[in-house]
Amino acid sequence: QVQLVESGGGLVQTGGSLRLSCAASGHVFVNYNRGWFRQAPGKEREFVAAVRWTGRTDYADSVKGRFTISRDNAKKTVDLQMNSLKPEDTAVYYCAVGRGAFSGDTFDKKDYDTWGQGTQVTVSS
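Residues numbered from 1 in each chain as written. Predicted model: local features only at pLDDT ≥ 70, side-chain atom pairs only at ≥ 80, totals over all residues. Heavy atoms only, no water.

Visitor: Looking at this model, I keep getting lost on the overall build of the protein chain. Mind explaining?
Guide: Scanning the protein chain from N- to C-terminus turns up zero helices and 11 strands. When the helices and strands of the protein chain are listed from N to C terminus, the series reads β-β-β-β-β-β-β-β-β-β-β. On C-alpha atoms alone, the protein chain measures out to a radius of gyration of 13 Å, which is about the 14 Å that the 2.2 N^0.38 rule sets for 125 residues. Expressed along its principal axes, the backbone C-alpha trace of the protein chain runs to roughly 40 × 25 × 25 Å. Considering the protein chain as a whole, with its 125 residues, one finds that 45% of them fall into the buried category. Relative to all contacts within the protein chain whose residues are 6 or more apart in sequence, the contacts with residues 24 or more apart total 60%. As displayed, the protein chain has an accessible area near 6400 Å², and 49% of this comes from carbon and sulfur atoms. Distance from the positive charge centre (16 side chains) to the negative charge centre (13 side chains) of the protein chain: 3 Å. (Helix = DSSP H or I, 4+ residues; strand = E, 2+ residues; numbered from the N terminus. Rg over C-alpha atoms; globule rule 2.2 N^0.38 Å. Buried < 20%, exposed > 50% of the residue type's maximum accessible area, 1.4 Å probe, protein only. Contact = heavy atoms within 4.5 Å. Areas by Shrake-Rupley, 256 points an atom, 1.4 Å probe, with all protein chains shown as cover. Lys, Arg positive; Asp, Glu negative; His and termini not counted. Charge placed at Lys NZ, Arg CZ, Asp CG, Glu CD.)

In structure tokens form, the structure reads like this:
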């Protein structure tokens, strides 16, 4: 069974940077999409970024040009580099593994079936 553990969250000032990492234990097929979502208090969990099994990346409009997702299949890790952070980026960030191999779906949380416990990111103004 796959388990995911996020790390790298913390408190940062507006304009700062953080790098989140998601480590997987167990077998993670290289043909599965990997994604990052976030959830702010009182809000729904929302898509942030994904890296498909093909290597193609997808981003929410709110983070395009500021966040970069990358995966290392050998290490079974997925990182999220976050630059130019804003207070509205404050949330708990979750990494996830896609539901099913060779999927073309990455934007909805129903496209994923394995989740980490989350890591808090707080951006102060």
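Visitor: What is the right way to read the nonpolar core from this model?
Guide: Most often, soluble globular proteins keep nonpolar side chains buried together rather than apart. In this structure, Trp36, Val48, Phe67, Ile69, Leu80, Met82 and Tyr93 are the most contacted members of the largest nonpolar core, which totals 33 residues. Elements represented by at least two residues in this core include exactly strand E3 (18-25), strand E4 (34-39), strand E5 (46-51), strand E7 (67-72), strand E8 (77-82), strand E9 (91-98) and strand E11 (119-124). (Core = buried A, V, L, I, M, F, W, Y, C linked by side-chain atoms within 4.5 Å.)

Visitor: Sorry if this is basic, but what is going on with the pattern of salt bridges here?
Guide: Taken as a whole and judged by the stated rule, the model has nine salt bridges. A salt bridge links Arg66 to Asp89; its shortest N-O distance comes to 2.8 Å. Of this pair, Arg66 sits in the loop between strand E6 (57-59) and E7 while Asp89 sits in the loop between E8 and E9, and the two are 23 residues apart along the sequence. Judged by its relative accessible area of 10%, Arg66 is buried. Between Asp111 and Lys110 there is a salt bridge whose closest N-O contact spans 3.6 Å. (Salt bridge = Lys/Arg side-chain N within 4 Å of Asp/Glu carboxyl O.)

Visitor: Can you help me understand the packing of aromatic side chains in this one?
Guide: Note on aromatic pairs: each is described by the distance of the centres and the angle between the planes. In total, this model carries six aromatic pairs according to the counting rule given. Ring plane angle 80° and centroid distance 5.7 Å describe the contact between Phe37 and Phe47, whose orientation is recorded as edge-to-face. Within this pair, whereas Phe37 is found in strand E4, its partner Phe47 is found in strand E5, the two being separated by 10 residues in sequence. Grouping residues by exposure puts Phe37 and Phe47 together as buried. Ring centres of Phe37 and Trp115 lie 5.1 Å apart, and the angle between their planes is 70°; on these two criteria the pair is classed as edge-to-face. Here the residue Phe37 occupies a position in strand E4, and Trp115 occupies one in strand E10 (residues 112-115), the gap between them amounting to 78 residues. Among the aromatic side chains, those forming a connected cluster through ring pairs are Phe37, Phe47, Phe107, Tyr112 and Trp115. (Phe/Tyr/Trp six-rings, centres within 6.5 Å; stacked < 30°, edge-to-face > 60°.)

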